[in-house]
Amino acid sequence: MTRINRRRLLWGAGAGAVLASVGAVRFTGSSTRFLSAADDADGGHCLLGLDAAGEPTYCLPVPYRAHEARALDDRLAIYFARRPGRQCYVVEMRAGALLATLEAQPGEHFCGHGVVSADGRHLFLTTYAFERQMGVVAIHETAPPFARVGQIDTHGLDPHQLALLPDGATLVVANGGILTHPDSEREMLNLDSMDPSLVYLQLDSGELLEQLRPPHHQISLRHLTVGANGTVVIGAQDHASGIEANPHPLVFQHSRGGELRPFDATASEWRQMNQYIASMALSADGQVALSTTPRGNCISLWDMAGNRHIRSFPVRDVAGASWVPKQDSFLVSNGLGQMVYLRLQPEPRLELVSRSASLRWDNHLILV
Amino acid sequence: MLRPFTVLLAAALTVLAACSPKSTPSSAPSPTAAALSKTAENLILPWHQAFVRDTSELRQRLESLCQNPSNPGELEASREAWRNAMLSWQVLQVVNFGPIQEGNQAWRVQFWPDTHNRVGQKVEALLEDETPIDAATMAQSNVLVQGLSALEYVLFDPSRAAPAQFDNARVCLFLQAAAANTQAVAEQLLKEWSPEGSNYLETFLSPGEGNLAFPETNDVLAALVSAIVTSMEKIKNKELGEPFGGRPGAGRINPYRLELWRSQLSLPAMQAELAANEQLFATGVQPVLEAQGQKDLANRITAAFKDSRERLAPLPAPLFTQLQEPDALPQLQAAWDSLGQLLPLLKTELPTALQVHLGFNSNDGD
């Protein structure tokens, strides 16, 4: 406990500058409702908790950039290493303190995403076994020392975001399909022979249940979210060149046993998204999906039943997104330190929630 | 689809602005506010007005051409009007944020790079089929046929050199529809910037907590610097580098990779775009740098812009033929090297000095 307090004091001194312009500096009191990684004004990497008003509850400097995060239970959160990172950070949310670091196995690195099993006992992390050139879901225990207890082949390179289906027994994984090697950081080594796919994996056996490929081999499937009925919405990043006249679709939906369906949108609407979707979110009733596109500086709403684009709204450098049930709204975050609600009722509109002037919110905003 | 978003955002911003405490207006604007105001009034708005004027002129010239196709002066007058419109566009498109970004309007005006000649193929297909052609259908068509690139093909492509083609009613319908569509894009962009229209001008000039696009003055500066960097990288790497397979003297020369090879306007276009960047820097950024005690960097960037301008000025035109001339290579390499000196100043030193960030998530790639 003493160590945690000392750590917090040390961190608090360093974070004062970061948070000074936030207005209300609240490290205690309000409880953490959201998780996100961020960069500070000097380019330093931080792990943050946010309260319901979008104000930081803690801000923990770390050496390596994180990507997505998840609550392990009421007390602990884990922030997943951004690829090709090898450290995931476990944080005690109330104290805002680093509790443990989960290291990748030799010859492997993490890919930025993970989920917790239905019973809360296991973590599933997308992982690239680069020495074997194999995408895997690494299975770890959620209790210290976070031991590795197994792995599942994802049947594709570059596994990125994954989710549990409502049955709790099936994983869906987006294989980005891009060959990389940590020696060349994030350089894409196989643009001509990319093989992205969406896969469903049986958790207990590791069996491949279904594998679907996008309509073009350079459409890298990366981010996804799952509705209560098991429908998956997927956001892609397209590496094809010279396609501005006829841009590829970037947002898809899929239900087990069906086709991978691209949403209907005009060429102009796809073009606005600049071949790049950062995050996907879905309303609680499963009727409306949201995509964020930082390169096109916009967020887009998608009608799930009609399988079509509804409309887009301008938000600069936007990436993180989450559905907030209590607000009946989407919340998005951006590189300008803004948190913005997209309210759906009475008609869709943007509403600025908070702004942390010295922070640049990294992709992925997670509701605890 | 796009209009309601803008209106909605404007409405949302009004509400937010009403809720947040406004800073008290001071008598003298800050150097940054003054620089941004001058940038909008002396550059951005006039550039949009010029593009409206030149696209309107182009539409009228093409009508005249189609009425008197046998008059030998008409084709040249139309080509000259097209060149003026394209050069106005080269200047305007440097401002790559705000209204131009909604729905990626730029692609509707100019489609480039076009490595597989899709503009030519699509225009030919449209001229051969029998679907109706007018400005309204044009706005909904493939971007390949909508704007100045498609008009360049019909007015300048060697396969369409014969003036007799302008006797063809469908060719004329197409020319006038594409020109009217381009003029409509120009008018729309101006309207979105104008106080009489959507007033993006106010968004640009009123950074603050309630301004979603620009919560701080530095965010406006970041947009300007980012626009300059994007444009200068395009000039160096795509417009000058790609026809040489990378950089002058390095790879296989392919003059068809030149921007605007058909109209042989490649070099004037590069020069106009460079001049627009130099003006944006001198008006919008340099005074801010100097006010922040960064006179040395301001001077170095000013000198580097001047050097690039002077290296581009004497390049032999048209590049379409000069690319292949060994004698021209040293000059082209000198221009390349000069741009190579300028870019790191703009891309690295300038953002550091101003403490602005040129996009975080947009550069993530994850």
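Residues numbered from 1 in each chain as written. Chains lettered and ligands numbered in written order. Predicted model: local features only at pLDDT ≥ 70, side-chain atom pairs only at ≥ 80, totals over all residues.

S.K.: Can you walk me through the pairing of strand 21 (residues 288-293) of chain A in this structure?
M.R.: Working note: regular strand, side chains alternate between the two faces of the sheet. All names here are of chain A. With six of its six residues buried, strand 21 lies for the most part within the structure. Where burial is concerned, the two faces of strand 21 agree: the one with Val288, Leu290 and Thr292 and the one with Ala289, Ser291 and Thr293 are both buried. Here strand 20 (residues 279-282) pairs with strand 21 via four bridges, running antiparallel. Residue Met280 lies in a different strand from strand 21, and its bridge partner there is Ser291. Relative to strand 22 (residues 298-303), strand 21 runs antiparallel, the two being bridged by six bridges. Of the residues in strand 22, the one forming a bridge with Ala289 is Trp302. From the end of strand 21 to the start of strand 22, which pair antiparallel, there are four residues, and Asn297 there has a positive phi angle of about 50°. (Buried ≥ 20, exposed ≤ 12 C-beta atoms within 10 Å, placed from the backbone. Helix = DSSP H or I, 4+ residues; strand = E, 2+ residues; numbered from the N terminus. Pairing = 2+ DSSP bridges.)

S.K.: Honestly, the interface of chain B and chain A in this entry has me stumped. Any pointers?
M.R.: If you look at the interface, chain B gives 33 residues, while chain A gives 38 residues. Tallying contributions element by element places helix 1 (residues 2-19) of chain B first for the side of chain B that touches chain A, with five residues. The class makeup of the residues in the side of chain B that touches chain A is 15 nonpolar, 11 polar and seven charged. (Contact = placed C-beta atoms within 7 Å. Nonpolar A, V, L, I, M, F, W, Y, C, P; charged D, E, K, R; others polar.)

S.K.: Explain the packing of helix 5 (residues 118-128) of chain B against helix 7 (residues 148-156) of chain B to me, please; I cannot follow it from the model alone.
M.R.: All names here are of chain B. Where helix 5 contacts helix 7, the two axes come as close as 9 Å, and the packing angle between them is 75°. The angle between the axes of helix 5 and helix 7 places the two elements in the roughly perpendicular class. Taken together, the residues of helix 7 that come into contact with helix 5 (itself represented by Val119, Gly120 and Val123) are Ser149, Ala150, Tyr153 and Val154. For the contact of helix 5 with helix 7, the per-class residue count stands at five nonpolar, two polar and no charged. (Axes fitted to C-alpha atoms, helices over the stretch in contact; angles between N-to-C directions. Parallel < 35°, antiparallel > 145°, perpendicular 65-115°, else oblique.)

S.K.: Just to check I follow, could you spell out the nonpolar core for this structure?
M.R.: Most often, soluble globular proteins have nonpolar side chains that are buried together. One finds A:Tyr79, A:Val137, A:Ile234 and B:Val225 to be the most contacted residues of the largest nonpolar core, which totals 189 residues. Residue contributions to this core peak at 12 residues, all from helix 8 (residues 169-193) of chain B. (Core = buried A, V, L, I, M, F, W, Y, C linked by C-beta atoms within 7 Å.)

S.K.: What should I look at first to understand the domain arrangement of chain B in this one?
M.R.: One widely used convention gives an interface's size as the accessible area the parts lose upon coming together. Residues and elements named next belong to chain B. Domain annotation for chain B reports domain 1 (32-199) and domain 2 (217-356). For domain 1 versus domain 2, the separation of C-alpha centres amounts to 24 Å. Tallying the contact residues gives 22 residues for domain 1 and 25 residues for domain 2. At seven residues, the largest contribution of residues to the side of domain 1 that touches domain 2 is made by helix 2 (residues 31-67). Grouping the amino acids of the side of domain 1 that touches domain 2 by side-chain chemistry returns 13 nonpolar, five polar and four charged. (Domains from an automatic or database assignment.)

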